[in-house]
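# Fold and geometry: a report
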Amino acid sequence: MNKPIHELHAFMYPQYFREYHFEAIRDSFKKLVKDNSFVFLLLEDENESFGYAWVELRNYSETVFTKARQALFVHQISIVNDQNGGDMEQS
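Before going into details, it helps to say that this report is about the structure given with it. Predicted, not measured: the structure shown is a model, and the values here were computed from it.

### A short note on the pattern of salt bridges
- Taken as a whole and judged by the stated rule, the model has three salt bridges.
- In this structure, the salt-bridge partner of arginine 26 is aspartate 27, at a minimum N-O distance of 3.3 Å.
- Looking at arginine 26, the relative accessible area reads 35%, which means it is partly exposed.
- The closest approach of N and O atoms between glutamate 56 and arginine 58, which form a salt bridge, is 3.4 Å.
- Judged by its relative accessible area of 14%, glutamate 56 falls in the buried class.
- You can call arginine 58 partly exposed: its relative accessible area is 29%.

As C-alpha cells, this is what we get:
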C-alpha cells in the first residue's frame, strides 16, 4: 500500500525521495512498527485493506521559550479511491 504514495513523492520531489524499492521499504516498516512513537492505522472493509495512515506522536520538552507539549505529525495517508482500479489518493 506504500508504493503509490512513495512513487508520487519521488516523482514530485526527486531531490528528497529515492526510487521505490520494495524490500528496503518493507524492512524499514518492520522496524518502524516497533517504535511506540509511531501509530499505524489500517482502513479495512470486509477484511480488505484499502487505506492506511502513519502518524507520529512527538514530545517536546519545556524550554525557556515554550511549555512542554505533544504534537501529532502525519507522515503518510493513503486511501484507495477505486478498489477495482487501484487508484490512490495520497498526501
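### Section: the nonpolar core
- If you look at the biggest cluster of nonpolar residues, it comprises eight residues: Ile5, Tyr20, Ile25, Phe29, Leu32, Phe38, Tyr52 and Trp54.
- Secondary-structure elements contributing two or more residues to this core are α2 (22–32) and β2 (48–60).
- For leucine 32, the residues in contact, after removing those within four places along its chain, are Phe38, Phe40 and Trp54.

### Regarding unusual backbone geometry
- Its identity as a non-glycine residue notwithstanding, glutamate 46 has a phi of 50°, on the positive side.
- Structurally, glutamate 46 can be placed in the loop between β1 (38–45) and β2.
- Although it is not a glycine, asparagine 47 sits at a positive phi angle of roughly 65°.

### A closer look at α2
- Every buried residue of α2 is listed here: Ile25, Phe29 and Leu32. Angular distribution of buried residues about the axis of α2 spans 55°; they occupy a single face of the element. In α2, the exposed residues that point more than 90 degrees away from the buried face are Lys30 and Lys31.

### Here we look at the pairing of β1
- Two strands pair when backbone bridges link them, and β1 and β2 are joined in this way by eight bridges, in the antiparallel orientation. Note that in β2 the partner of aspartate 45 across the bridge is glutamate 48.
- Between β1 and the antiparallel strand that follows it, β2, lie two residues; glutamate 46 among them carries a positive phi value of about 50°.

### A few points about helix α1 (residues 3–12)
- Three or more residues of α1 are buried, namely Ile5, His6, His9 and Ala10. The buried residues of α1 all sit within an arc of 135° when viewed along its axis, so they share a single face.

Rules used in this analysis
- Residues numbered from 1 in each chain as written.
- Predicted model: local features only at pLDDT ≥ 70, side-chain atom pairs only at ≥ 80, totals over all residues.
- Heavy atoms only, no water.
- Salt bridge = Lys/Arg side-chain N within 4 Å of Asp/Glu carboxyl O.
- Buried < 20%, exposed > 50% of the residue type's maximum accessible area, 1.4 Å probe, protein only.
- Core = buried A, V, L, I, M, F, W, Y, C linked by side-chain atoms within 4.5 Å.
- Helix = DSSP H or I, 4+ residues; strand = E, 2+ residues; numbered from the N terminus.
- Contact = heavy atoms within 4.5 Å.
- Arc of directions from axis to C-beta.
- Pairing = 2+ DSSP bridges.

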